[in-house]
Amino acid sequence: MEAVAGFPRREVQALSLVGFAHMLSHLYMIPFAPLLPVLTGDLNISYAEFGLALAGYAVTTGFFQTPMGLLVERIGGRRVLMGGLFLNSVCFVLIGFFATELWHLIALMAVAGIGNSVFHPADYSLLSASIGDKRMGKAFSVHTFLGHIGFIIGPLLTAALEPVIGWRGAVIGIGAVGIVTTAALMLLGGVIEEGNKVKKGTPITDSLRDLVRSPAVMLFFLFYVCSSASNVGITQYSVVAFQDMYSLERVVAVTALTAYQVGALLLVIPGGILADRITRYDLVIILGFGLTAMLVFVSGTGSLPFWLVIGALCVAGATRGGVNASRDVAVRHVSAHIPIGTVFGFISTGFLLGQAVAGPFYGWLLDNYPPQYIFYVSAAVYVVGIMTVLINPGARQRVAAAE
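The following refers to the structure shown. (Residues numbered from 1 in each chain as written. Predicted model: local features only at pLDDT ≥ 70, side-chain atom pairs only at ≥ 80, totals over all residues. Heavy atoms only, no water.)

### A look at the overall build of the protein
Right, so step 1: A count of helical and extended segments in the protein gives 16 helices and 2 strands.
Right, so step 2: In terms of overall dimensions, the protein has a C-alpha envelope of 55 × 45 × 40 Å along the principal axes.
Right, so step 3: A buried classification covers 59% of the 403 residues belonging to the protein.
Right, so step 4: In the protein, the share of contacts with a sequence separation of at least 24, taken over all contacts with a separation of at least 6, comes to 86%. (Helix = DSSP H or I, 4+ residues; strand = E, 2+ residues; numbered from the N terminus. Buried < 20%, exposed > 50% of the residue type's maximum accessible area, 1.4 Å probe, protein only. Contact = heavy atoms within 4.5 Å.)

### Regarding helix α10 (residues 250-266)
Right, so step 1: Over its 17 residues, α10 runs 25 Å from end to end, which matches the ideal 24 Å to within 8%, given 1.5 Å per residue.
Right, so step 2: Those residues of α10 not exposed but buried are Ala253, Val254, Ala256, Leu257, Thr258, Ala259, Tyr260, Gln261, Gly263, Ala264 and Leu265.
Right, so step 3: Considering only its buried residues, α10 is in contact with α7 (136-188), α9 (215-246), α11 (268-275), α13 (306-321) and α16 (372-390). (Expected span 1.5 Å × (residues − 1).)

### What to know about the side chain of Gln355
Right, so step 1: Looking at the element boundaries, Gln355 is found in helix α15 (residues 340-368).
Right, so step 2: In contact with Gln355, other than residues within four places in its own chain, are Met29, Ala58, Ser228, Val232 and Pro360.

### Focus on a nonpolar patch on the surface
Right, so step 1: A surface patch of nonpolar side chains, amounting to about 450 Å² of accessible area, comprises Leu287, Leu291, Met294, Phe297 and Val298.
Right, so step 2: You can see Phe297 is positioned in helix α12 (residues 281-299). (Patch = residues over 30% accessible without salt bridge, like charges linked within 9 Å, V, L, I, M, F, W, Y side chains within 5 Å. Areas by Shrake-Rupley, 256 points an atom, 1.4 Å probe, with all protein chains shown as cover. Salt bridge = Lys/Arg side-chain N within 4 Å of Asp/Glu carboxyl O.)

### Focus: the packing of α10 against α13
Right, so step 1: Orientation of α10 relative to α13, taken along the N-to-C sense of each, is 30°, at an axis distance of 6 Å. As the angle between them shows, α10 and α13 are arranged roughly parallel. Where α10 crosses over α13, the handedness of that crossing is right-handed. Of the residues in α13, those touching α10 at Val252, Ala253, Thr255, Ala256, Ala259, Tyr260, Gly263, Ala264 and Leu266 are Phe306, Ile310, Leu313, Cys314, Ala316, Gly317, Ala318, Arg320 and Gly321.
Right, so step 2: Split into classes, the residues belonging to the contact of α10 with α13 amount to 13 nonpolar, 4 polar and 1 charged. (Axes fitted to C-alpha atoms, helices over the stretch in contact; angles between N-to-C directions. Parallel < 35°, antiparallel > 145°, perpendicular 65-115°, else oblique. Left-handed = near helix turned anticlockwise from the far one by under 90°. Nonpolar A, V, L, I, M, F, W, Y, C, P; charged D, E, K, R; others polar.)

### A short note on unusual backbone geometry
Right, so step 1: Residues other than glycine seldom take positive phi values, yet Asn44 does so here, at roughly 60°.
Right, so step 2: Inspection of the secondary structure assignment puts Asn44 in the loop between α2 (36-43) and α3 (47-75).
Right, so step 3: Positive phi is not limited to glycine here, since Ser247 has a value of about 55°.

### Points about the pattern of salt bridges
Opposite charge on two side chains permits pairing when their charged atoms draw close.
Right, so step 1: The full count for this structure, using the stated rule, is 1 salt bridge.
Right, so step 2: Measuring nitrogen to oxygen at the nearest pair gives 3.5 Å for the salt bridge that ties Asp42 to Arg168. On the criterion of sequence distance, the pair formed by Asp42 in helix α2 and Arg168 in helix α7 is long-range, its members being 126 residues apart.

### Focus on the packing of aromatic side chains
Right, so step 1: Following the criterion strictly, the structure yields 20 aromatic pairs and no others.
Right, so step 2: With a centroid separation of 6.1 Å and 45° between ring planes, the pair formed by Phe97 and Phe98 is classed as tilted. Taken as a pair, Phe97 and Phe98 share a single burial class, namely exposed.
Right, so step 3: Ring centres 6.2 Å apart and planes at 50° place the aromatic pair Phe242 and Tyr246 in the tilted group. Here Phe242 and its partner Tyr246 are both found in helix α9, 4 residues apart, which amounts to about one turn of the helix.
Right, so step 4: Linked through ring pairs, Tyr237, Phe297, Phe361, Tyr362, Trp364, Tyr369, Tyr373 and Tyr376 together constitute an aromatic cluster. (Phe/Tyr/Trp six-rings, centres within 6.5 Å; stacked < 30°, edge-to-face > 60°.)

Quick look at the structure:
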């Protein structure tokens, strides 16, 4: 077979390898959600203190992401991707073996964040070099699809493993998968193209100046902040919140989070096909985020039967997931002459900034206020994200040079 789903064989191989690494990066963002009661009890910490560990992960990822994008343009994405995945994976193994106090958890999560910082700049640079332009929207949507599988697998895997081998064994297990994947990338990574994207002579200061002087780039940065901050409440704290609101067992409460993550997959591929055919990316993003905000708010009121909450969050995840390819293709077009890996590295830093701020804040809310507030704040931040799209011309049309 020479092609799969419209992609030539070599593109399928490259997309699969990069996409599996991306899946692990998402898995490592969320494995603790069903483990929070036992983990915080074992370490004798509050939810807000656990939020500091999430913040440490996000801060170092955000701090190093733009430098990693610049590094990708100089030494190539393959080596950067393999090094980051290995570091991220090893840190989770070490958490399982050695984290006995809060500072251990924060320190190891912070180092893991350095490894996590490579994925967006390396992945998008490698995909831009390996995939044909006419298939880029679909490629980005497949890449996002595979990433969201990690969001689904992470909580389910650790929830299933914890009763058998404890939370430490569960965390060690997911870390070991990343180490094995790094070895596979070393052996098979030759199918991934570096292309002509390596620009060793480009001054770093020029790239940074171009980034901060672009209104479209900076507005996308703010959009990523809001997108991430709104999502953290659901992905990290909804299981605990629903246990309190509905007096549920953990295995039941996690179904709502799973539905949200599964829903996020439903429109990812159709969203990629759509992104290849439109220029008004803003309409897709506004509609998707608007519906998501409304459904998250309603789900948090506690007025619906839990089975309806599961359905509402599934649809909320779907409408959120459907905008991702339009968002990514719009960012690729506004990059103009700035190297694509550097642009995605910088803009994705907003994603981590949102996590860094939102993680402790949601934990503080959960410690001090009714659990419904998690969902109300999440919905409100979705609305703020919509406002950044409304004033961003880069979300409405392609830059002429990129046509």
